[in-house]
Amino acid sequence: MYEVPETLKGRHLTRIADWSADEVALVLDLADELKRAQQIRESHRLLLDRTLVMIFDKPSMRTRVSFGAGIVQLGGLTVQLDRDEIMLGERETVRDAAAVLSRYADGIMIRTSSQATVDELADYAAVPVINGLTDEEHPCQALADVLTIRERFGGLDGVRVAYVGDGNNVCTSLMLASAKLGASLAVATPPGYEPPDAAVAAAGANVTNDPREAAAGANVLYTDVWTSMGHEAERKQRLRDFDGYGIRDELVALAAPDAIVMHDLPAHYGEEITEEILHGPQSAVWDQAENRLHAQKAVMALVMR
Ligand code: CP
Ligand code: NVA
């Protein structure tokens, strides 16, 4: 059976910044092992009979299915609560929900807008809380992203990651996770859509308003939607502001010849990327999406022991 260290037992994953480079590497190493096990259908029931509660305040496909399938593959089960059922902070306080859910479950995964809600849940929960996306961060996505980059390039040291688009939750977590493992970051956004200063400083990222500058020589060309969940009312304005910031053939041609293209999905064709590029030879997005499963299984196995 697997050597799963106890060092991360009981830990929350609310932000990438809270985990050290060694802890992230531990996740990736276990994810590699669990991926191999899943591929050869070798049993790896590291969380036998453990329960994960999943709270979804926002839509999801990848996060929902990868956590749901992942916990079952580890021998556990999920209970899912959607927005209208739990009404977190409305029907009862976050503190009370944390106290009760901690008596039923061995871990809580939550997708909601407010990072403060996730932090509060973690403050009061007696079991690990995993951030499945907030407006500020998407740490599980970032772990799958760095797992994918490591698979393709053997490591992240010296890898040039260029993110073009909205300086949002996905951009923030990607910057923090990949810089932690030694990558260099270049980010191109329209004026006013830059990622938060603290994340830029922590990642030592180069931020520009010129997508060509960011893409030049990049090993990884990454993008995400221009209109994130919750910003739908700004969509028309955003389409105007982001014009020229999409991943197109000309931009890919500026990257390194063996560069990979990444996107956390879902994609909006003709906006931040084209269907041809997403399904083209340089795209790593399907491995990236698959790696959500393996990275999150590793996180759960490490924190929910
Ligand atoms: N990338 C991602 O988190 O996808 P979902 O919104 O479908 O979960
Ligand atoms: N930035 C996007 C990511 C979706 C997975 C959003 O927050 O909607």
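Residues numbered from 1 in each chain as written. Chains lettered and ligands numbered in written order. Predicted model: local features only at pLDDT ≥ 70, side-chain atom pairs only at ≥ 80, totals over all residues. Heavy atoms only, no water.

This brings us to helix H2 (residues 62–73). Between its terminal C-alpha atoms H2 stretches 16 Å, which fits the 16 Å expected from 12 residues at 1.5 Å a residue. Where H2 terminates, the next one or two residues include glycine 75, which has phi positive at roughly 95°. (Helix = DSSP H or I, 4+ residues; strand = E, 2+ residues; numbered from the N terminus. Expected span 1.5 Å × (residues − 1).)

Inspection of the entire model under this criterion finds 3 aromatic pairs. With 5.5 Å between their ring centres and 15° between their planes, tryptophan 226 and phenylalanine 242 make a pair best called stacked. Of the two residues, tryptophan 226 is situated in the loop between strand E8 (220–223) and helix H10 (235–241) and phenylalanine 242 in the loop between H10 and helix H11 (249–254); the sequence distance between them amounts to 16 residues. For the pair tryptophan 226 and phenylalanine 242, one class covers both residues: buried. Cluster of aromatic residues (ring-pair linked, three or more members): Tyr193, Trp226 and Phe242. Taking NZ or CZ as reference, arginine 64 lies 4.2 Å from the ring centre of phenylalanine 56, over its face. (Phe/Tyr/Trp six-rings, centres within 6.5 Å; stacked < 30°, edge-to-face > 60°. Buried < 20%, exposed > 50% of the residue type's maximum accessible area, 1.4 Å probe, protein only. Lys NZ or Arg CZ within 6 Å of the ring centre and 35° of its normal.)

The next thing to look at is the layout of surface pockets. Of the pockets and cavities examined, the largest pocket occupies roughly 400 Å³. Residue lining of the largest pocket: 26 residues in total, with Val225, Ser228, Met229, Leu265 and Pro266 positioned closest to the centre. Within the residue set of the lining of the largest pocket, elements represented by two or more residues are H2 and helix H7 (169–180). The residue makeup of the lining of the largest pocket, split by class, is 9 nonpolar, 8 polar and 9 charged. In this structure, the second largest pocket spans a volume of roughly 340 Å³. Forming the boundary of the second largest pocket are 21 residues, of which Asp135, Glu136, Asn168, Thr172 and Pro196 lie nearest the centre. In terms of residues, the lining of the second largest pocket owes the most to one element, H7, which gives 3 residues. Broken down by class, the residue content of the lining of the second largest pocket amounts to 7 nonpolar, 6 polar and 8 charged. (1 Å grid on protein atoms, 1.4 Å probe; cavity = no way out; pocket = protein on both sides within 12 Å on 5 of 7 lines; lining within 4 Å. Points joined across faces, edges and corners; volume = space filled by probe spheres on them. Nonpolar A, V, L, I, M, F, W, Y, C, P; charged D, E, K, R; others polar.)

Attention now moves to the packing of H2 against helix H13 (residues 285–303). The contact between H2 and H13 brings their axes to 9 Å, and the two run at 55°. As judged from the angle between their axes, H2 and H13 are oblique. Here the hand of the crossing between H2 and H13 comes out right-handed. Residues Arg62, Thr63, Ser66, Phe67, Ala69, Gly70, Ile71 and Gln73 of H2 pack against Arg292, Leu293, Gln296, Lys297 and Met300 of H13. (Axes fitted to C-alpha atoms, helices over the stretch in contact; angles between N-to-C directions. Parallel < 35°, antiparallel > 145°, perpendicular 65-115°, else oblique. Left-handed = near helix turned anticlockwise from the far one by under 90°. Contact = heavy atoms within 4.5 Å.)

Moving on, we get to the site of ligand 1. Lining the immediate environment of ligand 1, one finds Ser60, Met61, Arg62, Thr63, Arg111, His138, Gln141, Asp264, Leu265 and Arg292. Residue methionine 61 places a main-chain N or O atom 2.7 Å away from an oxygen atom belonging to ligand 1. Between threonine 63 and ligand 1, the recorded distance is 2.7 Å, taken from a side-chain N or O atom to an oxygen atom. Protein burial of ligand 1: of its 260 Å² of free accessible surface, 95% is covered by the chains. Structurally, ligand 1 is housed in the largest pocket. Broken down by class, the residue content of the shell around ligand 1 amounts to 2 nonpolar, 4 polar and 4 charged. (Near = heavy atom within 4 Å. Polar contact = N/O pair within 3.5 Å; in protein donor to acceptor, adjacent residues only side chain to side chain. Areas by Shrake-Rupley, 256 points an atom, 1.4 Å probe, with all protein chains shown as cover. Sits in = over half its atoms within 2 Å of the grid points.)

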